[in-house]
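The chain contents come next:
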Amino acid sequence: MRRPQKSCPFCESRVRFIDYKDDRTIGRFLTDTGKILPSRLSGVCARHQRQLSTAVKRARYLALIPYIRGHQA
Amino acid sequence: MPRTYEAVYIFDSTLEDTAIQEKLARFHELLSLSPETTTVDNWGRRQLAYPIGTRENGYYTVARFEAEPAALPEYERALKLDDGVMRYLITLHEHEVGAPPSAEGEGDEERPRASDDDDDDED
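Chemist: So what's going on with the overall build of chain A? Which residues, and what values?
Modeler: If you tally the helices and strands in chain A, you get four helices and zero strands. Listing each helix as α and each strand as β along chain A from the N terminus yields α-α-α-α. Dimensions of chain A along its principal axes, counting C-alpha atoms only, are 45 × 30 × 15 Å. Intrachain contacts of chain A at a sequence separation of at least 6 include 72% that bridge at least 24 residues.

Chemist: So, the overall build of chain B: which residues are in play, and what are the values?
Modeler: In terms of helices and strands, chain B carries two helices and four strands. Helices and strands appear in chain B in the N-to-C order β-α-β-β-α-β. Taking all 123 residues of chain B together, the buried fraction comes to 15%. For chain B, the proportion of contacts with a sequence separation of at least 24, taken over those separated by at least 6, is 73%.

Chemist: Break down the pairing of strand S3 (residues 55–67) of chain B for me, with residues and values.
Modeler: Residues and elements named next belong to chain B. As paired strands, strand S1 (residues 3–12) and S3 are joined by 10 bridges and run antiparallel to one another. Note on S3: the bridge partner recorded for Tyr9 is Thr61. What sits between the antiparallel neighbours strand S2 (residues 39–52) and S3 is a turn of two residues, in which Gly53 has the positive phi angle 65°.

Chemist: I'd like a description of the nonpolar core, backed by residues and values.
Modeler: Soluble globular proteins: nonpolar side chains tend toward being buried together. One finds A:Ile26, A:Ala55, A:Ala59 and B:Tyr9 to be the most contacted residues of the largest nonpolar core, which totals 32 residues. Of all the secondary structure elements, the ones that give two or more residues to this core are helix H4 (46–61) of chain A together with S1, helix H1 (17–30), S3 and strand S4 (85–92) of chain B. Not counting the four nearest positions on each side in its chain, A:Ile26 is found in contact with A:Ala55, A:Val56, A:Ala59 and A:Ile65.

Chemist: Any chance you could break down the sheet that holds S3(B) for me, citing the residues and the numbers?
Modeler: All names here are of chain B. With respect to topology, four strands assemble into an open sheet ordered S2-S3-S1-S4, the strand pairing being antiparallel. With partners counted over all chains shown, the strands left at the sheet margins are S2 and S4, one partner each. Going across the sheet, the axis of each strand differs from the next one's by a mean of 25°, ignoring polarity. Of the strand pairs in this sheet, S2 and S3 are connected by nine bridges, and their pairing is antiparallel. When the sheet's bridge partners are listed, Gln47 is paired in S3 with Asn57.

Chemist: Please provide a residue-by-residue account of the environment of B:Gln21, values included.
Modeler: Residue and element names in this part refer to chain B. For Gln21, the position within the fold is in helix H1. With 15 C-beta atoms packed within 10 Å, Gln21 lands in the partly exposed category. Spatially, the C-alpha atoms of Gln21 and Ala70 are 24 Å apart, while their sequence positions differ by 49 residues.

Chemist: Outline H4(A), supporting the account with residue identities and numerical values.
Modeler: All names here are of chain A. Taking 1.5 Å per residue as the helical rise, H4 with its 16 residues ought to reach 22 Å, and the 23 Å between its terminal C-alpha atoms agrees with that figure. Taken together, the buried positions of H4 are occupied by His48, Gln49, Gln51, Leu52, Ala55, Val56, Ala59 and Arg60. End-on view of H4: buried residues confined to an arc of 165°, all on one side of the axis. The inward-facing, buried residues of H4 abut helix H1 (9–12), helix H2 (23–27) and helix H3 (39–42). Immediately downstream of H4, the backbone of Ala63 shows phi near 60°, a positive value.

About the thresholds
Residues numbered from 1 in each chain as written. Chains lettered and ligands numbered in written order. Predicted model: local features only at pLDDT ≥ 70, side-chain atom pairs only at ≥ 80, totals over all residues. Helix = DSSP H or I, 4+ residues; strand = E, 2+ residues; numbered from the N terminus. Contact = placed C-beta atoms within 7 Å. Buried ≥ 20, exposed ≤ 12 C-beta atoms within 10 Å, placed from the backbone. Pairing = 2+ DSSP bridges. Core = buried A, V, L, I, M, F, W, Y, C linked by C-beta atoms within 7 Å. Axes fitted to C-alpha atoms, helices over the stretch in contact; angles between N-to-C directions. Expected span 1.5 Å × (residues − 1). Arc of directions from axis to C-beta.

This is how it looks when you write it as structure tokens:
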């Protein structure tokens, strides 16, 4: 049986380019440990998922979001 | 042909605000920017998501400008040499989140072409 198609939250809000500086929005698409949430769970379309992946990596570099969360050295 | 870039700087938060603005002005001088096409947004001091070296805080500044690609290497060199800049990121500018779809369509003027960007082009 096929899963019902989730609609892409970025397409729904008419986002053309995902902003890497918007850590609030990006944070919604990360797991508790800070990994990128798979699109199969978030429903993000392929185009936006690619943009998201770049945005997350840029945001990590700029220390806006952590590379890993909940890890005590 | 000038292109629109966006640069994010993370300055050492222990620097004075005036010192930061001075540095910023010095960097932007290297690009010979015109004030009409330049916007600078100072976010101010902010906690880093993870420590960079021993630093827990940084002073964030976002600048958007139009510059000749040929002017970038010298500018970037100055950024690298400056100890007050903890990190920086220069990207080709894209539209803001939530920006309405504009009339320029898919043939975006900012599409990387014959440049060293290896962003994958959409079909």
